[in-house]
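In case you want the letters, here they are:
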Amino acid sequence: LSSGSRSSKTFKPKKNIPEGSHQYELLKHAEATLGSGNLRQAVMLPEGEDLNEWIAVNTVDFFNQINMLYGTITEFCTETSCSVMSAGPRYEYHWADGTNIKKPIKCSAPKYIDYLMTWVQDQLDDETLFPSKIGVPFPKNFMSVAKTILKRLFRVYAHIYHQHFDSVMQLQEEAHLNTSFKHFIFFVQEFNLIDRRELAPLHDLIEKLGSKDR
């Protein structure tokens, strides 16, 4: 990562996985396999592991990655430059979380991403949804919550690629962004977690990233 101060700035506080826990071990396993360079293999469920737990650990990790990536470009993503939350001219997102804001509202990208990351953080901090203690079962609706989180996190990647890639290149963060997004896409493809239609804003990039690994 380039220039320490900028890269260490996250948009929201980092979500930590407690050291010594099984999830921490899983995260370390994920990091080690990522280092091997084979991302298709790195995202696969490790033998004998629980699918929910694997998805939970990776979801937390993606939240932290996107949090950091967006943190590097917040000064360029403003009410003025991004008055709507979009991913190119054809895709615009309106925010609703189903509880506080039931009817989708049109808002600026910084506001949308703030709502989105705060909402994700609330889900990750909810022990009934993301249990951190060994032996505490995941709830029945865990997979649908995880899918919603990942679907929404994808929109932050899509916004960064479409509206802020110039800034990312100026900061020399594009390799970091591309690696993070490739890992994210291979993961959601491996477990079929995001509907293809939702991925449409970055379809060409996803095809390109995938073709290099076939």
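None of these values were measured; they are calculated from a predicted model.

The next point concerns the layout of surface pockets. If you add up the space inside the second largest pocket, you get close to 280 Å³. Taken together, 14 residues make up the lining of the second largest pocket; nearest its centre are Q189, R196, L199, I206 and E207. Those elements that provide at least two residues to the lining of the second largest pocket are α7 (174-190) and α8 (203-211). Looking at the lining of the second largest pocket element by element, the count peaks at four residues for α8.

Here we take up the UniProt feature "binding site: Zn(2+)" (unreviewed entry) in the protein chain. Mapped onto this structure's residue numbering, the UniProt feature "binding site: Zn(2+)" (unreviewed entry) falls at C77, C82, H159 and H164. Despite a sequence span of 88 residues, these residues sit close together in the fold, their greatest C-alpha distance being 9.9 Å. With respect to the helices and strands, the residue C77 is situated in the loop between α4 (51-73) and β1 (85-86). Non-local contacts of C77, meaning those with residues more than four positions away in its chain, are made with Y70, C82, A109, P110, H159 and H164. Looking at C82, the relative accessible area reads 4%, which means it is buried.

Rules of the game
- Residues take numbers from 1 onward in each chain, read along the sequence in its written order.
- This being a predicted model, a pLDDT of at least 70 is required before a residue's local features are given, and a value of 80 or more before pairs of side-chain atoms are given or counted; all residues contribute to the totals for chains, interfaces and linings.
- As a rule here, side-chain values cover all heavy atoms of the structure and leave hydrogens and water aside.
- A 1.4 Å probe that fits but cannot get out identifies a cavity on a 1 Å grid over protein atoms alone, an open set with protein on both sides within 12 Å along at least five of seven lines counts as a pocket, and a residue lines either if it has an atom within 4 Å of a point.
- Grid points are joined across faces, edges and corners, and a volume is the space filled by probe spheres set on the points.
- In this description a helix means any DSSP run of H or I spanning at least four residues, a strand means any run of E spanning at least two, and both kinds are numbered starting from the N terminus.
- UniProt positions are given in the numbering used here, feature names are shortened, and annotations may be inferred rather than shown by experiment.
- Contact criterion: two residues are considered in contact whenever any of their non-hydrogen atoms come within 4.5 Å of each other.
- Only protein chains enter the calculation, and the probe is 1.4 Å; a residue is then buried if its accessible area is under 20% of its type maximum, exposed if over 50%, and partly exposed in between.

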